[in-house]
Amino acid sequence: MGVFETIGTDAHESVHFGEDTASGLKAIVAIHSTVLGPSLGGTRFYPYADEQAALVDVLRLSQAMTYKAAAAGLAQGGGKAVIIGDPTHLRSDDLFRAYGRFINGLAGRYITAEDVGTTVADMEIVASETSFVSGLPVTDGGSGDPSPATAMGVAASMRAVSSYLWGMDNLNGRKVAIKGVGKVGMELAGVLAAQGVELVVADVNSEATDAASTAFGAKVVSIEDIHTIECDFFSPCALGGDLNGATIPQMSCAAVVGSANNQLAAEGDANRLAERGILYAPDFVVNAGGIINIAAEADGYSIEKADRMVESIYDNLSKVLRTSDSLGVSTDDAAKHVAETRISEATKRGGQS
Ligand SMILES: NC(=O)c1ccc[n+]([C@@H]2O[C@H](COP(=O)([O-])OP(=O)(O)OC[C@H]3O[C@@H](n4cnc5c(N)ncnc54)[C@H](O)[C@@H]3O)[C@@H](O)[C@H]2O)c1
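Residues numbered from 1 in each chain as written. Predicted model: local features only at pLDDT ≥ 70, side-chain atom pairs only at ≥ 80, totals over all residues. Heavy atoms only, no water.

## Here we look at the overall build of the chain
Along the chain, the regular secondary structure elements total 14 helices and twelve strands. Here the C-alpha atoms of the chain give a radius of gyration of 19 Å, agreeing with the 20 Å that 2.2 N^0.38 yields for 353 residues. Here the chain holds 353 residues, and 56% of them are scored as buried. Residue pairs at least 24 apart in sequence account for 65% of intrachain contacts in the chain once pairs closer than 6 positions are excluded. Roughly 14400 Å² of accessible area belongs to the chain as shown, and the carbon and sulfur atoms make up 51% of that amount. With 25 positive and 44 negative side-chain charges, the chain shows a separation of 5 Å between the mean positions of the two kinds. (Helix = DSSP H or I, 4+ residues; strand = E, 2+ residues; numbered from the N terminus. Rg over C-alpha atoms; globule rule 2.2 N^0.38 Å. Buried < 20%, exposed > 50% of the residue type's maximum accessible area, 1.4 Å probe, protein only. Contact = heavy atoms within 4.5 Å. Areas by Shrake-Rupley, 256 points an atom, 1.4 Å probe, with all protein chains shown as cover. Lys, Arg positive; Asp, Glu negative; His and termini not counted. Charge placed at Lys NZ, Arg CZ, Asp CG, Glu CD.)

## As for the pairing of strand β1 (residues 14-20)
Relative to strand β2 (residues 25-33), β1 runs antiparallel, the two being bridged by seven bridges. By the bridge assignment for β2, H16 is matched with V29. Here β1 folds back onto β2, and the loop between the two strands holds four residues, one of which, G24, carries a positive phi near 85°. (Pairing = 2+ DSSP bridges.)

## Considering the environment of V176
On the secondary structure map, V176 appears in strand β7 (residues 175-179). The exposure class assigned to V176 is buried, which follows from its relative accessible area of 0%. If we skip the residues at most four places from it in the chain, V176 touches M158, L192, V197, E198, L199, V200, F233 and S235.

## Details of the state of the cysteines
Evaluated as defined, the whole model comprises zero disulfides. No disulfide involves C231; its sulfur sits 5.1 Å from the nearest other cysteine sulfur, which is in C253. Taking the relative accessible area as the measure of exposure, C253 reaches 9% and is therefore buried. (Disulfide = S-S within 2.5 Å.)

The following block contains the structure:
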């Protein structure tokens, strides 16, 4: 399929391709919307099967960022970047510097940050070439690694769902199955263990599951079985697409609340979950802690301020669940409705929130 055909009519404002042959950089930036403010989203560094797969991913991820910022009430738009290649072999200072120059050329319409495959240290190198980077270390005046804030937002979402389903926002005694104990999943495991939650975990990386088992007493199961565990919350914290035609019929949880982006493999999967009586907390509402943490950089960052802002995810998700009930639509459609309403109202006012 050709590039323009792939971009299609999903209303992305622009898509940019950057290459530096000396360092091996091949990157794509997709800017979905700048209506509410400059587009913001992390840089994913991943060994995509081919360039087409990378383009499809960055288009989907950037659109989700628009919804995420809008549903979180932020004055930011949606964008995302991917670097094509295996970060363990390809990463170098030269590559991140070349990437920084590419981002700088977009003149602030896209602000980058870390994501899967990139780190805060990588972003410090990017920052040597451009100021359009967020999530730099706290010592450099930035908001640091967004993962703890993202995990806090996931935990706040679980409390909101618990309040909605069971009339109590206390997680003590609940059982949570986490797929992917990386930066967010491991942090989440710690937050939940401290609240008296029983944990089951799975990861392709056995060092990560061993660490979760040792630190938090988590039971370890295979990645093939984690979604089938009978539990209160299934929490996808690895890559996208974990909620699909094969996994949904096998699931045995009350609700899905996780950090991974694009958890639904297809649009119909939200209804498929609802038909099974499983509450789906929309990923882009649940995992907004990272960008909220970055938004807390405005007028000076402090962890206390960021924590207060991240806690607003509890109210944002509660509103989405009420909207789903009142409109009689899936939770995913309700979250999109909340986000789209904000964007269309801003568009009528001529942009910006
Ligand atoms: N880091 C953030 O602040 C943030 C913010 C919003 C959304 N997210 C999303 O949350 C997810 C996790 O992010 P992260 O920063 O923790 O990434 P990460 O790379 O640190 O962790 C991902 C973990 O998933 C594991 N994994 C990969 N494939 C797997 C599979 N098939 N089965 C089981 N485990 C698998 C990896 O080994 C790793 O431990 C991603 O989808 C990311 O886009 C992260």
